[in-house]
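This is what each chain is made of:
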Amino acid sequence: EKIIVMPNGVDHSLYHPGYAADAVEKAKRRYHIEGEYYLYLGTLEPRKNIERIVQAYARSKKPGGPRLVLAGRKGWLYESIFAAVQELGIERDVIFTDYVADADVPLLMSGAKIFLFPSLYEGFGLPPLEAMACGTPVVTASTSSLPEVAGDAALLADPYSVREIAAAIARLEQDEALRQSLIQKGLERAAQFTWEKSAQIFYAAIKSAAAE
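None of these values were measured; they are calculated from a predicted model. (Residues numbered from 1 in each chain as written. Predicted model: local features only at pLDDT ≥ 70, side-chain atom pairs only at ≥ 80, totals over all residues. Heavy atoms only, no water.)

Chemist: Can you tell me about the nonpolar core, naming the residues and giving the values?
Modeler: Of all hydrophobic cores here, the largest spans 64 residues; its most connected members are Leu39, Val54, Leu68 and Leu70. In terms of residue count, helix H7 (residues 162-174) provides more of this core than any other element does, 6 residues in total. Residue contacts for valine 54: discarding those within four places in its chain leaves Leu68, Leu70, Ile81, Ala84, Val85, Leu88 and Ile90. (Core = buried A, V, L, I, M, F, W, Y, C linked by side-chain atoms within 4.5 Å. Buried < 20%, exposed > 50% of the residue type's maximum accessible area, 1.4 Å probe, protein only. Helix = DSSP H or I, 4+ residues; strand = E, 2+ residues; numbered from the N terminus. Contact = heavy atoms within 4.5 Å.)

Chemist: Help me get a handle on the side chain of lysine 48, residues and values and all.
Modeler: Tracing the backbone shows lysine 48 in the loop between strand S1 (37-41) and helix H2 (50-60). The exposure class of lysine 48 is buried, given its relative accessible area of 9%. Here the side chain of lysine 48 touches glutamate 122 through a polar contact of 2.7 Å, side chain to side chain. Aside from chain neighbours lying at most four places away, what touches lysine 48 is Tyr40, Thr43, Ile53, Phe117, Pro118, Ser119 and Glu122. (Polar contact = N/O pair within 3.5 Å; in protein donor to acceptor, adjacent residues only side chain to side chain.)

Chemist: How would you summarise a nonpolar patch on the surface if you had to cite specific residues and measurements?
Modeler: A contiguous nonpolar surface patch, about 290 Å² in accessible area, is contributed by Met6, Phe202 and Ile206. Among the structural elements, phenylalanine 202 can be located in helix H9 (residues 195-211). (Patch = residues over 30% accessible without salt bridge, like charges linked within 9 Å, V, L, I, M, F, W, Y side chains within 5 Å. Areas by Shrake-Rupley, 256 points an atom, 1.4 Å probe, with all protein chains shown as cover. Salt bridge = Lys/Arg side-chain N within 4 Å of Asp/Glu carboxyl O.)

Chemist: So what's going on with unusual backbone geometry? Which residues, and what values?
Modeler: Even without being glycine, histidine 32 reaches a positive phi, approximately 60 degrees. Locating histidine 32 in the fold gives a position in the loop between helix H1 (21-30) and S1. On the basis of relative accessible area, histidine 32 is assigned to the exposed category, the value being 65%.

Below you can see the structure in the form of structure tokens.
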């Protein structure tokens, strides 16, 4: 009874679906991205489950289909990610951007066909909400905090199952009605998370504690 939950918020002045197509294209060129792509954005490290993202992409990809963009700095124990790409023979289909400037993050999210975030563990998991706010459908994990954050606005997959992650990607590729539904649900879900609401919860908690 002494615990008050204050969620993170999305900065809707940055994360929104209103970016012009030419601005998105310019951001893509800065990171050598051409055509359609799926996006993971975050640190390259084991708990982000990137090796399984690579394996799921290899399983679900079609000739001439979207490429996989793995955006973010190298963290720790990242070598196996690069090794997996080489072992699967998909070096030409996977783009490693390294660091992405803050201003380019929402542009790359806006341009992505799917945002992939089947992380093994998150304390909160803000990137899926940010991608939703940009109007991008999300595939995320069915474990840790992510189902609570995503609600029914994303496809949830067992992060330990390459098959489930690949199946979620394939569903979004094959079912346009589902894709459009998730885009709309994602925008509505992300709108529920603002820093103003978080501040109100925090302020109310301080006032309550002071009154007691």
